[in-house]
Amino acid sequence: MEAAAQAPGGPAALSCFSYNQDCTSLAIGTTTGYRLFSLSSVEQLDQVHESNEIPDVYIVERLFSSSLVVVVSHAKPQQMNVYHFKKGTEICNYSYSSNILSIRLNRQRLIVCLEESIYIHNIKDMKLLKTILDTPPNTTGLCALSINHANSYLAYPGSATSGEIVLYDGNTLKTACTIPAHDGPLAALTFNSTGSKLASASEKGTVIRVFSIPGGQKLYEFRRGMKRYVNISSLVFSMDSQFLCASSNTETVHIFKLEHLTDSRPEEPPTWSGYMGKMFQAATNYLPAQVSGMMNQDRAFATVRLNISGQRNICALSTIQKLPRLLVTTSDGHLYIYNLDPQDGGECVLIKKHSLLGSGKTEENKENDLQPPLPQSYAATVARQSTVPSTSTMPGYSEDGGALRGEVIPEHEFATGPVCLDDENEFPPIILCRGGQPGKAKRS
């Protein structure tokens with residue numbers, strides 16, 4: 001669920017790469033265009049779509065497993081292009097006052113981040129709803145959008161010199177709160193699947209903090225390492241919010257488990273070490289907050305040692321074929337899939353390596369797991385049962401371009417009505433529009 005990540009300077013096979021909102025699809029951008037892959041299988045990497053119409057793509061974002069994809073190229077870095085790729089048509093495009101640095105999507109909102117402003121669009125008709133002007137200089141386009149469109153929380157840096165986070169409600173279009181997350185500037189932000197937690201890291205990359213949303217209270221604090229500062233390139237929750245994964249420019253990927261160990265830990269035997277441990281824990285109550293916080297930080301539950309170092313990479317925690325997996329995509333054009341032990345953690349085991357630039361066969365409608373999974377524990381995925389639709393449902397939502405046409409979802413999924421996303425209905429429901437400024441796109 002990481003945004004398109006630009007590779008560092010030097011020769012790189014991929015100019016950008018990103019997972020979709022529920023980590024069921026991977027998008028990559030190259031000098032010749034972009035490609036979309038399904039992540040429903042470990043052994044086979046199915047290429048869903050390939051386009052060579054727009055060269056030098058540096059942002060490509062797909063809306064869940066739908067036909068909607070947003071593309072930005074170096075040829076026109078101030079223009080956002082929205083496509084229905086299965087129909088081969090452009091839905092619309094918008095031009096902005098400066099280069100587009102990042103784009104975020106959910107089923108309610110489309111966010112365009114420039115260096116000193118943020119544009120919020122209604123994704124159903126692409127109408128510009130709000131422009132947040134004069135934001136602190138944000139050269140990397142750092143921001144995060146909750147994939148839960150019921151709240152559509154947006155997080156972005158509130159300062160260029162400190163780690164302040166601005167939490168903005170994308171539905172009510174009002175600032176919810178500010179969070180003093182770190183001393184130094186921010187480097188990474190991510191929401192969990194429900195938008196109830198927000199994780200952050202600073203440019204130092206040594207400490208990762210998790211806050212409650214919308215209140216902003218600190219819930220967890222994890223230490224990635226103390227020996228050296230790193231550049232956090234990817235920060236992502238698992239869909240069930242039990243795990244948090246962080247990768248950087250080093251060879252180590254860290255996975256943290258979000259649990260209160262003091263609540264589930266069995267009573268320790270009356271040993272000298274146990275006694276000293278209790279004394280040490282009690283002493284933290286009398287120490288300054290910064291010192292006691294350092295003592296209470298949890299270390300990684302699981303790790304991965306990559307065979308590469310210094311390359312840009314992004315990670316995802318996903319359930320593939322009913323088992324928890326760690327996915328790592330690297331700028332040299334490879335996807336690594338690891339097994340994650342949800343009970344004991346430890347070193348994750350590499351089970352498959354895919355080349356993203358091979359001559360794979362395009363299979364337009366061979367995506368399984370297309371609908372976003374319900375948040376649940378990894379242990380429960382093995383015995384997953386089919387969900388029974390609510391009695392209050394509305395038809396018409398299809399994310400695969402037709403293969404699942406007729407599926408129903410709860411009525412509360414859409415605030416203002418159904419969104420049709422099949423081959424007979426354009427998404428969003430507007431006519432082709434070209435060459436407009438934000439909020440003023442022309443319709444043909």
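See the structure above.
Residues numbered from 1 in each chain as written. Predicted model: local features only at pLDDT ≥ 70, side-chain atom pairs only at ≥ 80, totals over all residues. Heavy atoms only, no water.

Draft legend 1. Here's a closer look at the packing of aromatic side chains. A complete count under the given rule lists four aromatic pairs for this structure. Here Tyr220 and Phe222 contribute two aromatic rings whose centre-to-centre distance is 5.9 Å and whose plane-to-plane angle is 10°, an arrangement assigned as stacked. For the pair formed by Tyr220 and Phe222, the shared burial category is buried. Each ring, one from Phe222 and one from Phe256, has its centre 4.8 Å from the other, and the planes form 25°; the classification is stacked. (Phe/Tyr/Trp six-rings, centres within 6.5 Å; stacked < 30°, edge-to-face > 60°. Buried < 20%, exposed > 50% of the residue type's maximum accessible area, 1.4 Å probe, protein only.)

Draft legend 2. Layout of the nonpolar core. Ranked by internal contacts, the top residues of the largest apolar core, which has 24 residues, are Met80, Ile100, Ile103, Leu110 and Val112. For this core, the secondary-structure elements that each account for two or more residues are strand S5 (57–62), strand S6 (68–73), strand S7 (76–84), strand S8 (89–95), strand S9 (102–105) and strand S10 (109–113). Setting aside residues no more than four positions away along its own chain, Val112 makes contact with Met80, Tyr96, Ile100, Ser102, Ile103, Ser117, Ile118, Tyr119 and His121. Ile255, Ala302, Ile308 and Tyr336 belong to the second largest nonpolar core, which has 18 residues in total. (Core = buried A, V, L, I, M, F, W, Y, C linked by side-chain atoms within 4.5 Å. Helix = DSSP H or I, 4+ residues; strand = E, 2+ residues; numbered from the N terminus. Contact = heavy atoms within 4.5 Å.)

Draft legend 3. Looking closely at the side chain of Asn138. Tracing the chain through its elements places Asn138 in the loop between strand S12 (127–133) and strand S13 (144–145). At a separation of 2.9 Å, a polar atom in the side chain of Asn138 contacts the main-chain carbonyl oxygen of Leu142. With residues up to four places along the chain from it excluded, the contact list for Asn138 reads Leu101, Cys113, Leu114, Glu115 and Pro157. (Polar contact = N/O pair within 3.5 Å; in protein donor to acceptor, adjacent residues only side chain to side chain.)

Draft legend 4. How the structure looks around the pairing of strand S20 (residues 218–223). In the sheet, strand S19 (residues 207–212) pairs with S20 via five bridges, with the strands oriented antiparallel. Following the sheet pairing, Val210 is matched in S20 by Tyr220. Hairpin connection, S19 to S20: the antiparallel pair is bridged by five residues, and Gly216 has positive phi, about 85°. (Pairing = 2+ DSSP bridges.)

Draft legend 5. Highlighting the pairing of strand S23 (residues 252–257). Counting buried residues in S23 gives six out of six residues, a clear majority hidden from the surface. Residues of S23 alternate between two faces, with Thr252, His254 and Phe256 on one and Val253, Ile255 and Lys257 on the opposite face, all of them buried. In the sheet, strand S22 (residues 243–248) pairs with S23 via four bridges, with the strands oriented antiparallel. By the bridge assignment for S23, Leu244 is matched with Phe256.

Draft legend 6. Quick peek at unusual backbone geometry. With an omega of 15°, the peptide bond between Ile213 and Pro214 qualifies as cis. Assignment of secondary structure puts Pro214 in the loop between S19 and S20. Although it is not a glycine, Asp56 sits at a positive phi angle of roughly 55°. Inspection of the secondary structure puts Asp56 in the loop between strand S4 (46–51) and S5. Overall, the relative accessible area of 32% leaves Asp56 in the partly exposed class.

Draft legend 7. Region of the structure containing the sheet that holds strand S18 (residues 197–202). In spatial order, the strands read S17-S18-S19-S20; together these four strands make up an open sheet with antiparallel pairing. Of all the strands in the sheet, just strand S17 (186–191) and S20 have a single pairing partner and so form its edges. On average, adjacent strands in this sheet sit at an angle of 20° to one another, irrespective of strand direction. (Axes fitted to C-alpha atoms, helices over the stretch in contact; angles between N-to-C directions.)

Draft legend 8. Examining the environment of Phe256 more closely. Note that Phe256 resides in strand S23. The exposure class assigned to Phe256 is buried, which follows from its relative accessible area of 0%. Linking Phe256 and Cys245, residues 11 residues apart in sequence, is a C-alpha distance of 6.3 Å.

Draft legend 9. How the structure looks around the pattern of salt bridges. Counting across every chain of the model gives five salt bridges. Linking Lys352 and Glu43 is a salt bridge whose minimum nitrogen-to-oxygen distance equals 3.4 Å. Of the two residues, Lys352 is situated in strand S29 (residues 349–355) and Glu43 in the loop between strand S3 (34–38) and S4; the sequence distance between them amounts to 309 residues. A relative accessible area of 53% means that Glu43 is categorised as exposed. Here Arg209 makes a salt bridge to Glu221, at a shortest N to O gap of 2.4 Å. (Salt bridge = Lys/Arg side-chain N within 4 Å of Asp/Glu carboxyl O.)

So, to be careful, I would describe these as geometric facts and stop short of saying anything about function.
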